[in-house]
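Single-letter residue listing:
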Amino acid sequence: MRLFVALALPEEIRWQLRLLCGGLPTGNGSVNRWVPPENFHITLRFLGEVDGRDAHYVDAALAGIRAPRFSLRLKGVDAFTSGQRVKAVYAGVEKQPALQHLHDKVESAVVRAGLPPEGQKFTPHVTLTRPKDPPIAKLQQYLVEHSLFKTAPFEVTHFTLFSSEMGSEHSVYTAQRSYALSAPQQSGAGATESSVA
Ligand code: 2AM
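Residues numbered from 1 in each chain as written. Predicted model: local features only at pLDDT ≥ 70, side-chain atom pairs only at ≥ 80, totals over all residues. Heavy atoms only, no water.

## Focus: the environment of Ile42
Our working definition: Secondary structure follows DSSP: runs of H or I at least 4 residues long count as helices, runs of E at least 2 residues long count as strands, and numbering of each begins at the N terminus. For every residue, the accessible area obtained with a 1.4 Å probe (protein chains only) is divided by the maximum for its type, and the residue is called buried under 20%, exposed over 50%, and partly exposed between those limits. Whether two residues are in contact is decided by their heavy atoms, any of which lying within 4.5 Å being enough.
By the secondary structure assignment, Ile42 is in strand 2 (residues 41-49). According to the relative accessible area criterion, Ile42 is buried, its value standing at 0%. Taking the C-alpha atoms as reference points, Ile42 and His125, separated by 83 residues in sequence, lie 5.7 Å from one another. With residues near it in sequence (within four places) discarded, Ile42 still touches Val5, Ala6, Leu7, Leu9, Leu72, Leu74, Val93, Pro124, His125 and Val126.

## Considerations on the site of the ligand
Spelled out, the test is: When at least one non-hydrogen atom of a residue lies within 4 Å of a molecule or strand, that residue is treated as near it. Side-chain atoms alone can form a polar contact between residues adjacent in sequence; in general such a contact is a pair of N or O atoms within 3.5 Å, and within protein one must be able to donate a hydrogen while the other accepts it. Every accessible area reported is derived by Shrake-Rupley at a probe size of 1.4 Å, with residue values counting cover from the shown protein chains alone.
Near the ligand, the surroundings consist of Arg2, Phe4, His41, Thr43, Phe46, His125, Thr127, Arg130 and Tyr173. Thr43 has a polar side-chain atom sitting 2.8 Å from an oxygen atom of the ligand. With respect to the ligand, the side chain of Arg130 contributes an N or O atom lying 2.6 Å from an oxygen atom. Protein coverage of the free-state accessible area of the ligand, which is 470 Å², stands at 65%. Only strand 1 (2-8), strand 2 and strand 6 (125-129) provide two or more residues apiece to the shell around the ligand. Sort the elements by how many residues they give to the shell around the ligand and strand 2 lands first, with 3 residues.

## A short note on the sheet that holds strand 1
For sheets, the rule is that strands pair by backbone hydrogen bonds, running either parallel or antiparallel. Operational definition: A pair of strands is considered paired only if DSSP assigns at least 2 bridges between the two. For helices, the fitted axis covers only the stretch in contact; all axes are lines through C-alpha atoms, and the angles between them, taken along N-to-C directions, range from 0 to 180 degrees.
The 4 strands lie next to each other as 2-1-8-9, forming an open sheet whose pairing is antiparallel. Every interior strand has two partners, whereas the edge strands, strand 2 and strand 9 (171-180), have only one. The mean inter-strand angle of the sheet, taken between neighbouring strand axes irrespective of direction, is 25°. Sheet analysis places strand 1 next to strand 8 (residues 158-166), joined by 4 bridges and oriented antiparallel. Opposite Val5, over in strand 8, you have Leu161 as the bridge partner. Its contacts with the sheet place helix 2 (residues 52-63) against strand 1, strand 2, strand 8 and strand 9, and it is angled at close to 45° to strand 9.

## Points about the sheet that holds strand 5 (residues 85-93)
Taken in spatial order, the 3 strands line up as 4-5-6 in an open sheet, and their pairing is antiparallel. Where the open sheet ends on each side, the last strands, each with one partner, are strand 4 (74-82) and strand 6. The sheet shows a mean angle of 35° between the axes of neighbouring strands, taken without regard to direction. Across 4 bridges, strand 5 lies against strand 6 in antiparallel orientation. Bridge pairing links Tyr90 to Thr127 in strand 6.

This is the structure:
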């Protein structure tokens, strides 16, 4: 199955992100390339296609992670580009060392479970759209219009292993298991949902 590790987002934050999804031509005709609100997330690690045995190893390694809860805030919009091509438009994440720390622990766990290392710098973000050839002037206008975007801080209490399947219009993400982060007075974290099939 196709798997990734991510932070799910509270409903009120997803609602705010939804307000960013418009005002930029993203596809041809009726094709809707905006990510649907239920799919918004911050990817910590994309795993790709993983067989059942490796999924179990990854699950066990993730369940062993001990890391504290932290507060996070989304801020600004920007785009990933490759040459002249726009790969994705995203909402940014305010710098938070605890997020980088969690990412590093997830990366170590995944490698310990036997998967190859990621090898790319972690740029936390929430993808809003992967537009098809947007006019650059329109994109620049969109980025300027939303440059002051900022959410209230929200508490990150767990991270999640998701599976991803192709739906008819959008990907369908299913939480396979969530892993709790420890509250300040507690030590340790543990898995909170059913195990990976
Ligand atoms: P992103 O949108 O945060 O960039 C689930 O498919 C998530 O995994 C996607 O939302 C995407 O995260 C990330 N992803 C998908 N394919 C990927 C790939 N080939 N390399 C890296 N990340 C990928």
